[in-house]
Amino acid sequence: MHADEHAIDTTLVRRLVRGQFPRWADLPVTPLASGGTVNAVYHLGDDLTVRLPLTSGGASDITKERRALGALGELPVAVPDVVAVGEPAEDYPWPWAVHGWLDGTPAREGRDAPARDLAEFVRALRAHPADGPPTRRGKPLADVDTATRRAIEELRGTDEPFDAEAALAAWTEAFDAPPWTGPPCRLHGDLMPGNLLLRDGRLSGVLDWATAGVGDPAIDLIPAWNLLTADTRPAFRDAVGDDDATWARGRGRALSMAVIQLPYYRHTNPVISANARYVLTELGVLTRSR
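For the structure given in this document, a descriptive report is provided here. It should be emphasised that the depicted structure is a prediction, and the values quoted were computed from it without experimental measurement. (Residues numbered from 1 in each chain as written. Predicted model: local features only at pLDDT ≥ 70, side-chain atom pairs only at ≥ 80, totals over all residues. Heavy atoms only, no water.)

### Observations regarding the overall build of the protein
- Looking only at helices and strands, the protein features 9 helices and 10 strands.
- Scaling as 2.2 N^0.38, a compact globule of 290 residues should have a C-alpha radius of gyration of about 19 Å, and the protein matches this with 19 Å.
- With the C-alpha coordinates of the protein rotated into their principal frame, the extents come out at 55 × 40 × 35 Å.
- A sequence separation of at least 24 residues applies to 71% of the contacts in the protein between residues at least 6 apart.
- Treating the 31 positive side-chain charges of the protein as one cloud and the 40 negative ones as another, the clouds have centres 1 Å apart. (Helix = DSSP H or I, 4+ residues; strand = E, 2+ residues; numbered from the N terminus. Rg over C-alpha atoms; globule rule 2.2 N^0.38 Å. Contact = heavy atoms within 4.5 Å. Lys, Arg positive; Asp, Glu negative; His and termini not counted. Charge placed at Lys NZ, Arg CZ, Asp CG, Glu CD.)

If you want it as structure tokens, here you go:
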């Protein structure tokens, strides 16, 4: 998936656990199927997960996520507990983490629509004190303008059924929306379907807090396009209560993430590339889903 990705397998995970946390040495280690791009994730016994960064760029996320989770107050859904943090070892160069297991099934785009639960979670998170570090995805859209336009041009040159002119028009509309001028909000920053756990059709847990921080609340609107449908999107918008400008910037964030993800992952990560195509279809700039 990444050119500089570290080789990680069950044998390595078992060896790291045995060497640093011998109390768990006899627990079974099982790889978890995931569309994640930063960590390899393994189930450890019944109640734990092991998360190991795939590249050096993801190594700092271990500390970021631990700090973010430690700063959270009460939320209407479960979040992971950081049970332990492992050290670099001879055969693995970065910190890694052991989290508590959360029951639930990852959401699926276009099929699962906990719109009001999502809105309740977003509003509850925003109500937390906004005294943490800024999240890179909560910054102005100008920060990703060059990368977004470059990705649109890259997609124009592929065989994807992609309307580059419509994408540029949609991006320009979002880019021209009034910027956020209110106080920073506490944000998750990566509400992809795979980070949203469901039980009995309800949102039960939210994973992957490495991108959490404070900033423009528009970033946490992205499930409107990466998960929900045209029929369920209005309920989310009504319940979350954002103004037109914030909604437009959220749509721009969803577009930007999708056009950047698709060229990079279209041949290496079928989960992320399928979700990017879903977003672009919902935004009207891809003529069909693959």
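Right, picking up where we left off after that structure.
### A word on the sheet that holds strand β2 (residues 39-44)
- The 5 strands are arranged β1-β2-β3-β5-β4 in an open sheet whose pairing can be described as antiparallel. Across the chains shown, the open sheet's two edge strands, defined by having one partner strand only, are β1 (29-31) and β4 (82-86). Averaged over neighbouring strand pairs, the angle between their axes works out to 25 degrees when direction is ignored.
- Taken together, the 4 bridges between β4 and strand β5 (residues 96-100) define a ladder with antiparallel strand orientation. Among the inter-strand pairings, Ala 84 is bridged to a residue of β5, identified as Val 98.
- Here helix α2 (residues 61-70) sits on the sheet in contact with β3 (48-53), β4 and β5, set at roughly 155 degrees to β4. (Pairing = 2+ DSSP bridges. Axes fitted to C-alpha atoms, helices over the stretch in contact; angles between N-to-C directions.)

### With respect to the side chain of Asn 195
- Among the structural elements, Asn 195 can be located in the loop between β7 (185-187) and β8 (196-199).
- When sequence neighbours within four positions are dropped, the list of residues in contact with Asn 195 reads His 188, Asp 190, Gly 205, Val 206, Leu 207 and Asp 208.

### Structural notes on the packing of helix α4 (residues 145-156) against helix α5 (residues 164-175)
- Where α4 meets α5, the axes come as close as 10 Å, and the angle between the chain directions of the two elements is 170 degrees. It follows that α4 is roughly antiparallel to α5 by the angle criterion. Once α4 is placed against α5, the crossing between them reads as right-handed. Of the residues in α5, those in contact with Asp 145, Thr 148, Arg 149, Ile 152, Glu 153 and Arg 156 of α4 are Ala 164, Glu 165, Ala 167, Leu 168, Trp 171, Thr 172 and Phe 175.
- Its residues placed into classes, the contact of α4 with α5 shows 6 nonpolar, 2 polar and 5 charged. (Parallel < 35°, antiparallel > 145°, perpendicular 65-115°, else oblique. Left-handed = near helix turned anticlockwise from the far one by under 90°. Nonpolar A, V, L, I, M, F, W, Y, C, P; charged D, E, K, R; others polar.)

### Some details on helix α3 (residues 115-126)
- In a regular helix each residue adds 1.5 Å, so 12 residues correspond to 16 Å; α3 covers 17 Å between its end C-alpha atoms and thus fits that length.
- Taken residue by residue, α3 has Ala 115, Asp 117, Leu 118, Ala 119, Phe 121, Val 122, Leu 125 and Arg 126 as its buried positions. (Expected span 1.5 Å × (residues − 1). Buried < 20%, exposed > 50% of the residue type's maximum accessible area, 1.4 Å probe, protein only.)

### A closer look at the pairing of strand β9 (residues 202-206)
- Of all 5 residues making up β9, 4 are buried, and the element is well covered by its neighbours.
- Relative to β9, β8 is paired through 4 bridges, and the arrangement is antiparallel. Residue pairing for β9: Leu 198 is matched across the bridge by Leu 203.
- A loop of 2 residues connects β8 with β9, the two strands running antiparallel in sequence, and Asp 200 in this loop sits at a positive phi of about 55 degrees.

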